[in-house]
Amino acid sequence: MRVLPSEKFLIEQFIEDHPFSIFPTIGNTERPDKASALLMEGRIVIIVNGDSVSLFVPSLFLENIKSIEDYSSRPYYSSFIRMLRFVSFVISISLPGIYIAAINFHKVMIPSDMIVPIIQARETVPFPLAMEIAMMILMFEVVREAGVRLPQQIGSALSIVGALILGQVSVSAGLVGAPTIIVVSISYIAAFVITPIADVTALLRIGLFIASSLFGGYGLIVAMLGLLTHMISLTSFGIPFMAPFAPFYFQDWKDSLIRLPLRWKKQRPKSIPNQRKTRIRSLPKTGDK
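About the thresholds
- Residues numbered from 1 in each chain as written.
- Predicted model: local features only at pLDDT ≥ 70, side-chain atom pairs only at ≥ 80, totals over all residues.
- Heavy atoms only, no water.
- Core = buried A, V, L, I, M, F, W, Y, C linked by side-chain atoms within 4.5 Å.
- Buried < 20%, exposed > 50% of the residue type's maximum accessible area, 1.4 Å probe, protein only.
- Helix = DSSP H or I, 4+ residues; strand = E, 2+ residues; numbered from the N terminus.
- Contact = heavy atoms within 4.5 Å.
- pLDDT = per-residue confidence, 0-100.
- 1 Å grid on protein atoms, 1.4 Å probe; cavity = no way out; pocket = protein on both sides within 12 Å on 5 of 7 lines; lining within 4 Å.
- Points joined across faces, edges and corners; volume = space filled by probe spheres on them.
- Nonpolar A, V, L, I, M, F, W, Y, C, P; charged D, E, K, R; others polar.

1. With respect to the nonpolar core
Inference 1: In terms of nonpolar packing, the biggest core is built from 19 residues, with Tyr-99, Ile-133, Met-136 and Val-184 touching the most fellow members.
Inference 2: Counting only elements with at least two residues in this core, the list comes to α3 (75-104), α4 (112-121), α5 (129-149) and α7 (178-191).
Inference 3: With 6 residues, the single largest contributor to this core is α5.
Inference 4: Setting aside its immediate chain neighbours within four residues, Tyr-99 contacts Ile-118, Arg-122, Leu-129, Ile-133, Pro-179, Thr-180 and Val-183.
Inference 5: With 18 residues, the next largest nonpolar core counts Phe-89, Val-200, Leu-204 and Phe-241 among its residues.

2. Details of the confidence of the model for the chain
Inference 1: The predicted model of the chain averages 83 in pLDDT, with 88% of residues at 70 or higher.
Inference 2: For the chain, the element scoring lowest by mean pLDDT is helix α6 (residues 152-172), at 69; helix α8 (residues 198-233) scores highest, at 93.

3. Observations regarding the layout of surface pockets
Inference 1: Empty space within the largest pocket amounts to approximately 640 Å³.
Inference 2: If you trace the largest pocket, you find 26 residues lining it, with Asn-28, Lys-34, Asn-64, Thr-195 and Pro-196 closest to the centre.
Inference 3: Where the lining of the largest pocket is concerned, the elements lending two or more residues are α1 (8-15) and β1 (27-29).
Inference 4: The residue inventory of the lining of the largest pocket, partitioned by class, reads 9 nonpolar, 8 polar and 9 charged.

Put into structure tokens, the structure is as follows:
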């Protein structure tokens with residue numbers, strides 16, 4: 001059956017396991033090298049006639065942490081970058097929530113040398129801290145969306161210069177405090193490290209911020225536990241979304257948050273069922289030409 005390119009994402013929504021989850025359980029790529037690497041792992045690639053972007057299943061959470069460029073670098077640097085992406089994801093979704101929970105509910109968490117400058121910066125701010133952070137989050141979202149919709153040359157300049165100008169003017173006018181600008185800016189910059197799920201991080205940031213503003217650190221912990229439970233319950237074409245961590249497949253940790261050399265990864269991922277278990281049938285021995 002011939003499928004129009006515009007219907008590719010319609011196919012994705014009709015065949016995914018959890019259409020009401022904010023996490024995408026079907027991946028997409030337009031790179032032939034990534035598609036071929038996925039096929040070698042035993043995954044299914046769905047190619048739509050007339051469209052350069054193909055879908056692949058199953059798509060696990062780790063696909064958002066890994067990149068095809070990781071295999072072009074040494075394993076040490078690739079492992080460091082993957083762990084940095086994961087930490088950036090956690091910082092991006094939780095930093096505003098941690099900030100408001102510490103200021104409004106748990107001031108004992110903040111060192112005494114830091115609490116005084118933060119309070120002094122907020123003395124001239126006429127809004128509550130929750131409203132202040134909410135305004136900054138909405139402002140950054142508007143600037144980011146405007147940068148996406150405009151042409152590339154104008155959009156990139158607007159995303160950088162617009163956010164800097166608005167932040168500086170807001171602090172100078174006394175509408176928001178400088179610590180709030182720093183916290184929200186770090187949260188959004190960290191989200192750029194994991195662009196495949198940038199829309200997911202935006203929603204999670206708002207959700208965890210609301211939980212923290214209402215119930216403090218306890219609300220943040222409960223919300224994150226609920227998020228983790230939801231992620232563990234997801235599946236992609238019947239494969240657990242959080243594999244190889246839940247369920248636990250130690251063999252697949254060779255290519256998860258760390259990347260070991262290719263010679264140590266002769267087997268296909270155990271978390272993805274395959275009739276053929278071997279990824280590479282034979283490798284030249286050390287010293288062979």
